[in-house]
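What the coordinates show
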Amino acid sequence: MTNSMKEFEDSGCIFVIGSNTTETHPIIAGRIMTAKEKGAKLIVADPRNIHLAEFADIVVHHRLGSDVALLNGMMHVIVKNGWHDDKHIEERTEGFSDLEEVLEDYTPKKVEAITGVGCVDIERMAEMYAGNHPAALLYAMGITQHTTGVDNVKSCCNLAMLCGNVGVRSGGVNPLRGQSNVQGACDMGGLPNVFPGYQPVADQTANEKFSNAWGKALPERAGLTLTDMVKGMGDGRIKALCVFGENPKLSDPDSGHLDHVLKKLDFLLVQDLYMTETAADADVFFAGASVAEEDGTYTNTERRCMRGNKAIDPLGKALPDWDIICRLSSAMGYAMDYSCPEEIFDEMTSLTPSYGGMTYERLGINGLQWPCPGKDHPGTPYLHKDNFSRGKGKFHAVKYLDPDEMPDEDYPFFLTTGRMFSHYHTGTMTRVSPHLHSEQKSGYIEVSPKDAGDMMLNDGENVRVLSRRGQIEVPVKITSRVGEGLLFSPFHFRENPINRLTNPAFDPIAKIPEFKVCAVKLEKIAE
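Heads up: these notes are all about the structure in this document.

The rules behind each value
- Residues numbered from 1 in each chain as written.
- Predicted model: local features only at pLDDT ≥ 70, side-chain atom pairs only at ≥ 80, totals over all residues.
- Heavy atoms only, no water.
- Pairing = 2+ DSSP bridges.
- Helix = DSSP H or I, 4+ residues; strand = E, 2+ residues; numbered from the N terminus.
- Axes fitted to C-alpha atoms, helices over the stretch in contact; angles between N-to-C directions.
- Buried < 20%, exposed > 50% of the residue type's maximum accessible area, 1.4 Å probe, protein only.

The strand order 12-13-14 describes an open sheet built from 3 strands, whose pairing is antiparallel. The sheet is open, and its two borders are formed by strand 12 (296–299) and strand 14 (368–369), each paired with just one other strand. Alignment of strand 12 against strand 13 (residues 304–308), held across 4 bridges, turns out to be antiparallel. Pairing of T299 across the sheet is with C305, part of strand 13.

Shown next as structure tokens:
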């Protein structure tokens, strides 16, 4: 996030797109509600009629995958009416003329034809966002999990810069991370092309720094993304796989294909809290420790690094994750002899400028937000106050592209996937909680009343859902949360593994699969 969560309470407008915030980020949703009570305007754009929409001043349900067109349509209206921030654009950005040229083509009428959102609503959205400064834009995986995910994010940034909402308190472009400590994992180099602090592997200075610190010459080229790893397992280039705290057999797209390529491995190691679907196929399973059983730090979605203090020692034969990794590395020939998480943290901060001013003592109870480069630095509540890291903010002239797969005569429905309030990811932890499991014990597929009526479906009836990749059976949930031609299903349930159907096509830059859009058909099951 470019801003702190609490700062949202003082926003003039909050624009939520591609985020079911109340169900998946309830603490942030609470901040949005406080902002509403203080008078902020709320715009919600989501293909489904999500719970947050009940509180919005403007709600639109755009067609799956049409985010770029919708955002370009808003910007077209803003520029046409002179609502953009000329001073901010002139002093702090570049590339506006290229964007302006593209926006000319995205008239409300054209955008309505692409998105299904009416011209009047597009104009109202534009006026509300541009006219209530500062405006905060919040998005989640409804923006990123597309073949055009990078373009979607660029378009969000274009809109914010256009109206001078970057580098200001209570504004910004704010991605809501998908899992606990995703931000921290990326910060620590949990990406194939960077070291900790987003220092590029291919950068000679950064590479030498880490090579010297770790006593080994490190590769100078980027590694593989998860998407590339699956391909590598399939063609035999990857012989062994270590999986830490992940359950790809349930969470990855086209999971039937993943089952196939996992069987080609010579060796599979899984480290987790529970015997997941993926762990059941492992050659070796390491029992990791839970959050209550290990010390360490976490960095949340607002870039706040915080201490995690263990309450009890690990149960049974479980070990803290850092200890397991150290032992594994040492057994493989590279000695890791750290004595505690704080020692690892101190080494990391010595090599990572954005964390350079942090210590366990300074983190205290409330933590610190990076960048925090010095021992006296208070942390950074919001980013880009005076300048961007690249100097000037760059507008990108982004054009709309269809999703990889569109409904047709054979597969007439759009399917999108996501989460629901009582379960998390693949249910590894939430489904073993009696209270959470009792809220929702099985999967379901949301079907609109119109489509259910046309197919003579009853609520709770099992149906067969088919895509070009596979099929599953799942109970029907008839609801107005989805419109005609749109289906939704959560991916938490092994009994109804919806990711057998999803499309593995991915964004060419970020390599994120298109979980949010694929084409399917429904079939009644003969009695």
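This is not the end of the story, as more comes after the structure.
Spatial ordering of the open sheet is given by 3-2-1-5-6, a layout of 5 strands whose pairing is parallel. The sheet terminates laterally at strand 3 (58–60) and strand 6 (173–175), the two strands that pair on one side only. Geometrically, the sheet is characterised by an average inter-axis angle of 15° between neighbouring strands, direction not taken into account. Where strand 1 (residues 13–17) and strand 5 (residues 135–139) come together, 5 bridges link them in parallel fashion.

Among the 6 residues in strand 16 (residues 413–418), 6 count as buried, and that is most of the element. In strand 16, alternate side chains face the same way, and those of F413, L415 and T417 on one face and F414, T416 and G418 on the other are all buried. One ladder, built from 3 bridges, connects strand 16 with strand 23 (residues 518–524); its direction is antiparallel. Across the sheet, the residue bridging to F413 is V520, located in strand 23. As paired strands, strand 16 and strand 20 (residues 486–490) are joined by 5 bridges and run parallel to one another. Of the residues in strand 20, the one forming a bridge with T416 is F488.

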